[in-house]
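So the chains spell out like this:
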Amino acid sequence: MEQRTLLALLVFSSLIVLAETNDQKPAVEIYSLHVDCKVTSRFAHTVITSRIVNRANESREATFEVELPKTAFITNFSMSIDGEVYPGIIKEKAAAQNEYDSAVSQGQSAGLVKITDRKLEQFHVSVSIAAASKVAFELTYEELLKRQLGKYELLIKVRPKQLVKHFQIDVHIFEPQGIRFLETDSTFMTNELSEALTKEQNETKAHILFKPSLDQQKKNSELDETLLNGDFVVRYDVKREATAGDIQIVNGYFVHYFAPQEMPVFPKNVIFVIDRSGSMTGRKIEQTRDALLKILQDLRQEDHFSFITFNNKVVEWKSSLLPATEENMASAAALVQTLTARGGTDISGALLAAVGLLEKAEGLPERSVSMIILLTDGQPTSGERNVEVIQENVQKAVNGKYALFCLGFGFDVSYKFLEKMALSNGGIARRIYENADAALQLQGFYQEVATPILMQIEMQYPENSIEGLTKNNFKLFFEGSEIIVSGKISNELDLLPVEIKAQSHTSNLTLKEEANVKEKEQVFQNQRYIFGNFIERLWAYLTIQQLMEKAISAQEEDRKALEAQALDLSLRYSFVTPLTSMVVTKPQQQEELANKPTEADNEKPSNLPAGASVKRFSSRMLWEDDAGRWRPELQTGSNRKMFSTVSRFRVATRTQPIADEHPQLLLQLPRQNERICLNIDKTAQTSIHLLSDPEQGLTVTGKLGEGINHFVQFDINYVNPPVQIHVYTHAILVSHNNNNNWLSWTKSTSSTIQGLKVSVEKERSVTASLPDTATVKVSLVRFPEDFLGLYFLNTDRFSDKVTGVLGQFYSKAQFGSNSNNDQTAVERLLRVSGSEHKVSRLYKKDYRLESANEPVSCWSIDLTP
């Protein structure tokens, strides 16, 4: 039975959140919200316009938030307040950050673009508007739609949170190939709301309009609550006739779409490489089992398969690949149902074993596709642990013969590591989000790669007549996807010939097509659905995406050249990409910076100890060794680093280019508005005496890590009460009268011992406070290496007898009087304990703050204890 292919078109989602008065009636009111999307030949151009009025008798803040696809590029943003327009300017990222940093130094805040889920990222900006004033926000973004599982899906997340007098969604679609299928769907649609939906369609065009009145938006006639809360979806398909695809041309640029249908599927030889280390315990391993059982049912009779499971040990289910017979699949299902999680993570050993299994495989179909699918939730902690060595060894072993797909479960993985390894070996990487539908995500990914119908595809065009050709060689083509090639026609051509060579399951194919340039250009004349030179912009978008992807697996010199090309195109076509930023200037010259996050930004990976994984019981932290023994005792070495359970999104909005590292120690001089960044010679003794105050009854020592120029342990000792607090990067130990109490970084908690309060802020800091005593605070920094940062509060409580490498600054430090008031000096003299030190003004990252990238100006000094 012929499978129906649907086109899918993932686009955008918009959300407006507004301040409200105490009586729940909006003081700041959206009186108009218009979403306009033009989709022309797969390229989507979306404009979201929101008009807001402040009906209060005082200034109020309005917040504009729009959820848009991760694959989209913002191209424009502006605010219009009482007739004055505040545009966003797209600049090179470093230049934009420099401009933004000057605003940050004046206390202004940053706007953010952040990832919100596996498909979307959020643009956010807020502005204060005066009483009775109006503001209009307008955001524009563009995206080349990717075909997945045979469909394009246009998703609009509707959530205005109030009734909107003029609410309208306009979707215009123009597909020269012809629209074969079109439907709309919604999670909030009622019979009354459906009356506000109209749909017009002819052979090549469609117009969908959703324009509900105020009454139609209401949940009921008595309450001013909106029904508009959920997803609005448009799905459609296009007609396909030509075997060599469809070519479209506008103003000298062409795009070629190739998505063959009704072709025989290659048999697959697939090895599933499954992580069963300790960190997969619980829901992850359960969801993995569920997904694998469903995937086994989807294997075709002609497929061959096997499993490799790994923790610190690599286990091959069978010594060879087996055909997907009912008996073999039942045996595999029994294996899957017994999967349990414990031990470390030997990614290298598992992947090399998978390659070895394919190398020695016998009896496989002559024309077949071999692939390895890796699923892991952590980083290599057993076997080879150097990710660069693993990448090199795996690429050498694969040698272009197999496709490697890497699935990263959750946020403790290093996505960059998996992505580079997959792209270097003909596959792709995908993050599996730890949601209730994780099993469906795994199944969905498998379905995307389950039906290879072509391999070794070459799209050939006349060499002397085409410039800037995008990628035109593809290793595999899966049913339900689409190949897109674009370029510029440099010579005056009447006909644009194309030749496609590929291997199918049954034969070698050669497909030819000729496009009449003038006839093709006529198709797009006088079409109100067209936005500018859209194929040229499509070409630029596709080129940037491919240059950035190629840079991931390139050597350093090549990577810089590729990124330079991508940056040039990003600036020329005004795209906010990972290489550019948008600077938005607000009233009073305030500035906000919008950067484009990548999937790799959406994590804060930590390194595990050798062969270790994590298990969490309440506030107690355990680690598992290579033998599978769960150990509660503390491992003090710097290599005992535990996973963070909180995966914070990281956006590079505040990075000061010269603030390239954290200081070892940061302190504020008492009675002086000066900060000191203190660095201690790495050759110092193991335990460093940092501070001792006999009158306070307080002593603090610290240990620098091995292979990391930061502190990984602080020991805080009190005389009264007799309490010792040992702070490590993976846990906190509080000892009192031979009683040990373990506190975890994974939850906020506090305890009090005879007036001494010890408080843990989840994944952020631990604070020890005692009445009439200086407060000790230790920050936890998880990225790029786990380390600790120490600082003190209420330092005026230190006595004149305070000593130690750090303590001496609180009693015996003074700047030279000749430059004490010089705010522009870059070097000064600092007297400490009778010695003079020349110190320099530097910018460092401030570990005391929530943002790990926050720059701080300080006087830097190096000391040897």
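Think of each chain on its own: its residues are numbered from 1, step by step along the sequence as written. Only residues with pLDDT of 70 or above have their local features reported here, since the model is predicted, and side-chain atom pairs are shown and tallied only from 80 upward, although totals for entire chains, interfaces and linings are computed over all residues. The side-chain figures draw on all heavy atoms in the structure; neither hydrogens nor water molecules are used.

Caption draft 1: Unusual backbone geometry, seen in detail. Looking along the chain, the bond that leaves N720 and enters P721 is cis, with omega of 5°. Only runs of H or I of at least four residues qualify as helices and only runs of E of at least two qualify as strands under DSSP, and these elements are numbered from the N terminus. Considering the arrangement of structural elements, one finds P721 in the loop between β40 (711–718) and β41 (723–728). Residues other than glycine seldom take positive phi values, yet S41 does so here, at roughly 50°. You can see S41 is positioned in the loop between β2 (28–40) and β3 (43–54). Partly exposed describes any residue whose relative accessible area lies between the buried limit of under 20% and the exposed limit of over 50%, with all areas from a 1.4 Å probe on protein chains only and scaled to the type maximum. For S41, a relative accessible area of 0% translates into the label buried. Look at E262: it is not a glycine, yet its phi comes out positive at around 55°. With respect to the helices, strands and loops of the structure, E262 is situated in the loop between β17 (253–258) and β18 (268–275). Classification of E262 as exposed rests on a relative accessible area of 66%.

Caption draft 2: Just the packing of helix α4 (residues 283–298) against helix α5 (residues 326–337), in detail. Note on geometry: axes are C-alpha line fits, over the in-contact stretch for helices, and angles between N-to-C directions span 0 to 180 degrees. Relative orientation of the contacting elements α4 and α5 amounts to 175°, with a least axis distance of 9 Å. Between α4 and α5, the interaxial angle falls into the category roughly antiparallel. Facing α4, whose interface residues are R289, L292, L293 and L296, α5 presents M329, A332, A333, V336 and Q337. Classification used: nonpolar for Ala, Val, Leu, Ile, Met, Phe, Trp, Tyr, Cys and Pro, charged for Asp, Glu, Lys and Arg, polar for all others including Gly. Looking at side-chain class alone, the contact of α4 with α5 contains seven nonpolar, one polar and one charged residues. Here is the rule for angles: anything less than 35 degrees is roughly parallel, anything more than 145 is roughly antiparallel, 65 through 115 is roughly perpendicular, and the remaining ranges are oblique. Should any heavy atoms of two residues lie within 4.5 Å, those residues are considered in contact.

Caption draft 3: Here's a closer look at the pattern of salt bridges. Salt bridge, as used here, is a side-chain nitrogen of Lys or Arg placed within 4 Å of a carboxyl oxygen of Asp or Glu. All told, the structure shown has 31 salt bridges when counted by the stated rule. When the shortest N-O distance is used, the salt bridge between K38 and D36 registers 3.2 Å. Exposure remark for D36: the relative accessible area of 14% places this residue in the buried category.

Caption draft 4: Focus on helix α7 (residues 387–398). Residue count minus one, scaled by 1.5 Å, sets the expected span of a helix. An ideal rise of 1.5 Å per residue puts 16 Å on twelve residues; α7 measures up with 16 Å between its terminal C-alpha atoms. All of the buried residues in α7 are I390, Q391, V394 and V398. Down the axis, α7 shows its buried residues gathered within 100° of arc, on one side only. Facing away from the buried side of α7, by more than 90 degrees, are the exposed residues E388, E392 and K396. Of the surrounding secondary structure, the elements contacted by the buried residues of α7 are α6 (347–359), β23 (403–409) and α8 (415–423). By the N-cap criterion, in which a side-chain oxygen at the helix start approaches the backbone nitrogen of a residue two or three places on, α7 is capped by N386, the distance to E388 being 2.9 Å. By arc we mean the arc of the directions from the helix axis to the C-beta atoms, nothing more. Polar contacts here mean pairs of N or O atoms no more than 3.5 Å apart (in protein, one a potential hydrogen donor and the other a potential acceptor; neighbouring residues in sequence count only if both atoms are side-chain atoms).

Caption draft 5: Structural detail: the sheet that holds strand β11 (residues 166–174). Here, a strand pair is defined by DSSP locating no fewer than two bridges between the strands. A sheet is described by the order of its strands in space; here ten strands give the open sequence β13-β14-β11-β2-β3-β9-β5-β6-β31-β32, paired in mixed fashion. Looking at which strands have only one partner, the edges of the open sheet turn out to be β13 (197–201) and β32 (591–595). With strand direction ignored, the average angle separating the axes of adjacent strands in the sheet is 15°. Pairing analysis gives nine bridges linking β2 to β11, with the strands arranged parallel. Among the inter-strand pairings, C37 is bridged to a residue of β11, identified as V171. Contacts from helix α11 (residues 534–552) reach β2, β3, β5 (73–81) and β9 (134–144) within the one sheet, and its direction differs from that of β9 by about 75°. Running at roughly 165° to strand β6 (residues 84–92), helix α12 (residues 556–572) makes contact with β6 and β31 (580–585) of the sheet.

Caption draft 6: Geometry of the confidence of the model for the chain. A residue's pLDDT is the predictor's confidence in that residue, given on a scale from 0 to 100. Mean pLDDT over the chain works out to 82, with 83% of the residues at or above the 70 mark. Across residues 604–659, confidence stays below pLDDT 50; counting only partners more than four residues off in sequence or on other chains, it has 202 contacts.

Caption draft 7: Local environment of empty space enclosed by the protein. Buriedness of a pocket was judged along seven lines, with at least five required to meet protein on both sides within 12 Å; pockets are open sets of points on a 1 Å grid over the protein atoms alone, cavities are sets where a 1.4 Å probe fits but cannot get out, and lining residues have an atom within 4 Å of a point. Grid points are joined across faces, edges and corners, and a volume is the space filled by probe spheres set on the points. Scanning all chains against the criterion turns up five cavities of 30 Å³ or more. Estimated volume of the largest cavity: approximately 90 Å³. Along the walls of the largest cavity sit F272, I274, A291, L292, I295, I373, L375, L407, L442, F445 and Y446, which together make up its complete lining. Residue assignment for the lining of the largest cavity shows that the elements contributing at least two residues are β18, α4, β22 (369–376) and α9 (438–449). Its residues assigned to classes, the lining of the largest cavity shows eleven nonpolar, no polar and no charged.

Caption draft 8: Summary view of the packing of α4 against α9. At a closest axis distance of 8 Å, the pairing of α4 and α9 adopts a crossing angle of 30°. The pairing of α4 with α9 is recorded here as roughly parallel in orientation. Here the hand of the crossing between α4 and α9 comes out right-handed. Along the contact surface, α4 presents Q287, T288, D290, A291, K294, I295 and D298, while α9 presents A438, A439, L442, Q443, Y446 and Q447. Grouping the amino acids of the contact of α4 with α9 by side-chain chemistry returns six nonpolar, four polar and three charged. It is the rotation of the near helix from the far one that decides the hand of a crossing: anticlockwise by less than a right angle makes it left-handed, clockwise makes it right-handed.

Caption draft 9: Expanded view of the sheet that holds strand β27 (residues 473–478). The strand order across the open sheet formed by four strands is β27-β25-β29-β30, and the pairing between neighbours is antiparallel. Edge positions in the sheet fall to β27 and β30 (508–516), since each of these pairs with one other strand and no more. Mean inter-strand twist for the sheet, computed between neighbouring axes without regard to direction, equals 25°. In the sheet, strand β25 (residues 452–460) pairs with strand β29 (residues 495–503) via four bridges, with the strands oriented antiparallel. Looking at the pairing, E458 lines up with K501 of β29.

Caption draft 10: The environment of A551, seen in detail. With respect to the helices and strands, the residue A551 is situated in helix α11. On the basis of relative accessible area, A551 is assigned to the buried category, the value being 4%. The spatial distance from the C-alpha of A551 to the C-alpha of E563 is 6.8 Å, given a sequence separation of twelve residues. Beyond its immediate chain neighbours, meaning those up to four positions away, A551 contacts R559, L562 and E563.

Caption draft 11: Broad picture of the packing of aromatic side chains. Side-chain rings of Phe, Tyr and Trp (the six-membered ring for Trp) are treated as a pair once their centres are within 6.5 Å; stacked means planes under 30 degrees apart, edge-to-face means over 60, and tilted covers the remaining angles. One pass over the structure, following the stated rule, counts 33 aromatic pairs. Among the aromatic side chains, those forming a connected cluster through ring pairs are F272, F305, F307, W317 and Y446. The criterion is that NZ of a Lys, or CZ of an Arg, lies within 6 Å of the ring centre and within 35 degrees of the ring normal, and then a charge sits over that ring. Lying across the ring of Y257, R42 places its NZ or CZ 4.0 Å from the centre. Here the guanidinium or amino end of R828 rests over the ring plane of F815, the centre of that ring lying 4.0 Å away.

Caption draft 12: Layout of the pairing of β22. Of all eight residues in β22, eight are buried, a share of seventy percent or more. Both faces of β22 are covered, namely the face carrying V369, M371, I373 and L375 and the face carrying S370, I372, L374 and T376. Summarising the sheet, β18 and β22 pair through seven bridges and their orientation is parallel. When the bridges of β22 are listed, N269 appears paired with S370.

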